Amino acid sequence: MCRKMEDPTGSWLCPTEADRARMLEAGTLVRAARVWVSLGVLAALLASSPWTGPWPVVFSVVSALQVATLDHRVTRSARPERFVAMSFAFTAISATAGAAVTGGAQSPLLPLVALPATLMANRFRRPVVVAGLGFSLVLMVLGTVAVDPARFAHDPAMFFVSLAMLVGVVIFTLSLSDTEMRLRADARFDHLTGLLNRAALASRFAELRSQAHATNGSIALVVYDLDRFKSVNDDLGHDRGDAVLRDTAQRLREHLRAFDLVYRLGGEEFAVVLPGVGAEEALEIAERQRAAVEASGPGGVAAAHGTAVEWDTLFRRADAALLQAKRDGRNRIAVARQAGPVKLAA
Ligand code: GH3
Ligand code: MG
Ligand code: MG
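Residues numbered from 1 in each chain as written. Chains lettered and ligands numbered in written order. Predicted model: local features only at pLDDT ≥ 70, side-chain atom pairs only at ≥ 80, totals over all residues. Heavy atoms only, no water.

**Side note on the site of ligand 1**
Taken together, 17 residues are adjacent to ligand 1, and Arg-228, Phe-229, Asp-242, Lys-326 and Arg-330 come closest. One of the side-chain nitrogen or oxygen atoms of Lys-326 is found 2.3 Å away from an oxygen atom of ligand 1. Coverage of ligand 1 by the protein amounts to 67% of the 660 Å² it exposes when considered alone. Per-class residue counts for the shell around ligand 1 are four nonpolar, four polar and nine charged. (Near = heavy atom within 4 Å. Polar contact = N/O pair within 3.5 Å; in protein donor to acceptor, adjacent residues only side chain to side chain. Areas by Shrake-Rupley, 256 points an atom, 1.4 Å probe, with all protein chains shown as cover. Nonpolar A, V, L, I, M, F, W, Y, C, P; charged D, E, K, R; others polar.)

**Observations regarding the coordination of the magnesium ion (ligand 3)**
At this site the magnesium ion (ligand 3) is bound by Asp-225 (OD), Leu-226 (O) and Glu-268 (OE), with donor distances of 1.9 to 2.1 Å. Read N to C, the donor residues that coordinate the magnesium ion (ligand 3) are spaced as D-L-x41-E. In this structure, the magnesium ion (ligand 3) lies 3.7 Å away from the magnesium ion (ligand 2), the two metals sharing Asp-225 as a donor. Leu-226 shares its class with Asp-225; the two are buried. (Donors = N, O, S within 2.8 Å, 3.2 Å for Na, K, Ca; no water. Buried < 20%, exposed > 50% of the residue type's maximum accessible area, 1.4 Å probe, protein only.)

**Thoughts on unusual backbone geometry**
The phi dihedral of Asn-216 is positive, around 60°, even though this residue is not glycine. Inspection of the secondary structure assignment puts Asn-216 in the loop between α10 (198-215) and β2 (218-225). (Helix = DSSP H or I, 4+ residues; strand = E, 2+ residues; numbered from the N terminus.)

**A closer look at a nonpolar patch on the surface**
A cluster of nonpolar side chains, Val-35, Trp-36 and Leu-39, forms an exposed patch at the surface whose accessible area comes to about 350 Å². Mapped onto the elements, Val-35 comes out in helix α2 (residues 31-47). The partly exposed category is assigned to Val-35, whose relative accessible area is 44%. (Patch = residues over 30% accessible without salt bridge, like charges linked within 9 Å, V, L, I, M, F, W, Y side chains within 5 Å. Salt bridge = Lys/Arg side-chain N within 4 Å of Asp/Glu carboxyl O.)

**Section: the pairing of strand β3 (residues 261-266)**
Side-chain direction in a regular strand flips from residue to residue, so the side chains alternate between the two faces of the sheet. Pairing between strand β1 (residues 196-197) and β3: two bridges, direction parallel. Note that in β3 the partner of Leu-196 across the bridge is Tyr-263. Inspection of the sheet shows β3 paired to strand β4 (residues 269-275) by five bridges, in the antiparallel sense. Of the residues in β4, the one forming a bridge with Arg-264 is Phe-270. Between the end of β3 and the start of β4, which pair antiparallel, lie two residues, with Gly-267 showing a positive phi angle near 50°. (Pairing = 2+ DSSP bridges.)

**Section: the side chain of Arg-264**
Relative to the helices and strands, Arg-264 resides in strand β3. Within the local environment of Arg-264, its side chain forms a polar contact with the side chain of Asp-190, the two groups lying 3.1 Å apart. If we skip the residues at most four places from it in the chain, Arg-264 touches Asp-190, Leu-192, Thr-193, Leu-195, Leu-196, Asn-197, Arg-198, Leu-245, Glu-269 and Phe-270. (Contact = heavy atoms within 4.5 Å.)

**What to know about the coordination of the magnesium ion (ligand 2)**
Taken together, the protein ligands of the magnesium ion (ligand 2) are Asp-225 (OD), Glu-268 (OE) and Glu-269 (OE), with distances of 2.3 to 2.4 Å. Motif for the magnesium ion (ligand 2), donor spacing along one chain: D-x42-E-E. The exposure class assigned to Asp-225 is buried, which follows from its relative accessible area of 9%.

**Regarding the packing of aromatic side chains**
What the rule picks out here adds up to two aromatic pairs. Look at Phe-205 and Trp-311: their rings are 5.2 Å apart centre to centre, the planes differ by 70°, and that puts the pair in the edge-to-face class. One end of the pair, Phe-205, is in helix α10; the other, Trp-311, is in helix α14 (residues 311-327), and 106 residues separate them in sequence. A relative accessible area of 4% means that Phe-205 is categorised as buried. Taken together, a centroid distance of 5.2 Å and an interplanar angle of 20° make the contact between Trp-311 and Phe-315 stacked. Linking Trp-311 with Phe-315, this pair stays in helix α14, spanning four residues, or about one helical turn. Phe-315 sits in the buried class, given a relative accessible area of 17%. Each member of the aromatic cluster is reached from another via a ring pair, and the members are Phe-205, Trp-311 and Phe-315. A cation over a ring is seen here: Arg-198 above Phe-315, with NZ or CZ 5.4 Å from the ring centre. (Phe/Tyr/Trp six-rings, centres within 6.5 Å; stacked < 30°, edge-to-face > 60°. Lys NZ or Arg CZ within 6 Å of the ring centre and 35° of its normal.)

**Let's talk about the environment of Leu-261**
Along the chain, Leu-261 turns up in strand β3. C-alpha of Leu-261 to C-alpha of Ala-271: the two residues are 10 residues apart in sequence and 8.3 Å apart in space. Look past the residues within four positions of Leu-261 in its chain and what remains in contact with it is Leu-196, Arg-204, Ala-271, Val-272 and Val-273.

**Details of the environment of Ala-206**
If you trace the backbone, Ala-206 turns up in helix α10. When its relative accessible area of 34% is taken as the criterion, Ala-206 is described as partly exposed. The spacing of Ala-206 and Val-309 is 103 residues in sequence and 9.9 Å in space, taken between C-alpha atoms.

**Some details on the packing of helix α5 (residues 80-101) against helix α7 (residues 126-146)**
Packing of α5 against α7 brings their axes to within 9 Å, and their N-to-C directions diverge by 20°. Regarding the angle of α5 to α7, the classification is roughly parallel. Classified by chirality, the crossing of α7 by α5 is right-handed. Residues Ala-89, Ala-92, Ile-93, Thr-96 and Ala-100 of α5 form the contact with α7, whose participating residues are Phe-135, Leu-139, Met-140 and Gly-143. Taken together, the residues of the contact of α5 with α7 break down into seven nonpolar, two polar and no charged. (Axes fitted to C-alpha atoms, helices over the stretch in contact; angles between N-to-C directions. Parallel < 35°, antiparallel > 145°, perpendicular 65-115°, else oblique. Left-handed = near helix turned anticlockwise from the far one by under 90°.)

Now the structure itself:
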């Protein structure tokens, strides 16, 4: 899902700032479980040391190294997904190495090989998950068949049972990953109009806000509310009302640059975010859009730049201008100046 088209600024692993926040949140939520599982695995390894020799100690040192290097950097990096992916790969390699030296195909550690790829399922997109599973498969073949071919020849059944289990994990993991991606997309889109929704606006605005603060750039926000929309529903029916909303979305999309975005805030209210645009230019764009929307509604325009770019202030000013436009007789645009909304000629 998370296609590049939706958000050209997103990286390949983690499409948006919101996905990144979810990934970190998921990591925090499972941290306690992870500590207990690690302690359990460690205890089992140490208990098996009479048979396995010094490897549990090596395994523990390697795990501690992983926590101190990669895991430690996850919460501090601007691109935490890279360290999460590296940490998964690291776990896959150390689990395979552990399986190879503790019995190959017969090792009790073998199922751990698939664990990192499964964990990736609720973080990354399908191609990343497929790559992770392919990586696990290669490691598993190398760690069992290639490392100790004599043992494999002696009892190949165990290897094929493990392989069948891995295939089961692959199917389950991919369906988990697809569901997760669908849920993410659903959370960002308005299905009636095909526009991005308010939740998507929040994450996009957070990115634009950081950019504007850093570069002293400007952002303009236009909010629209269709005039007397309720009467369209009441007089012509809900289906006709839906068609008007879809048509309005289409008209708002026209007359915009490729990187301007239109959102449905809810009901018959829409927002247009114009990065790098000041109040005057935003007003021209809003007037063009208003003219394009038949039986158009009034709109309110607000713009800010640099550290003044804050969603609450910008939206409050644009919304106040919108109310002013309604009070002034509808079918017009009003612009919010620093001192408050200013009425403009219709
Ligand atoms: P005003 O000119 O003052 O803005 O009045 P209005 O009728 O446009 O606004 P009001 O807030 O009174 O009514 C908005 C209506 O939008 C009420 C609600 O039934 C309708 N609505 C909200 N969401 C949808 C939707 O998804 N489809 C349809 N058809 N109608 C919707
Ligand atoms: Mg309304
Ligand atoms: Mg309305």
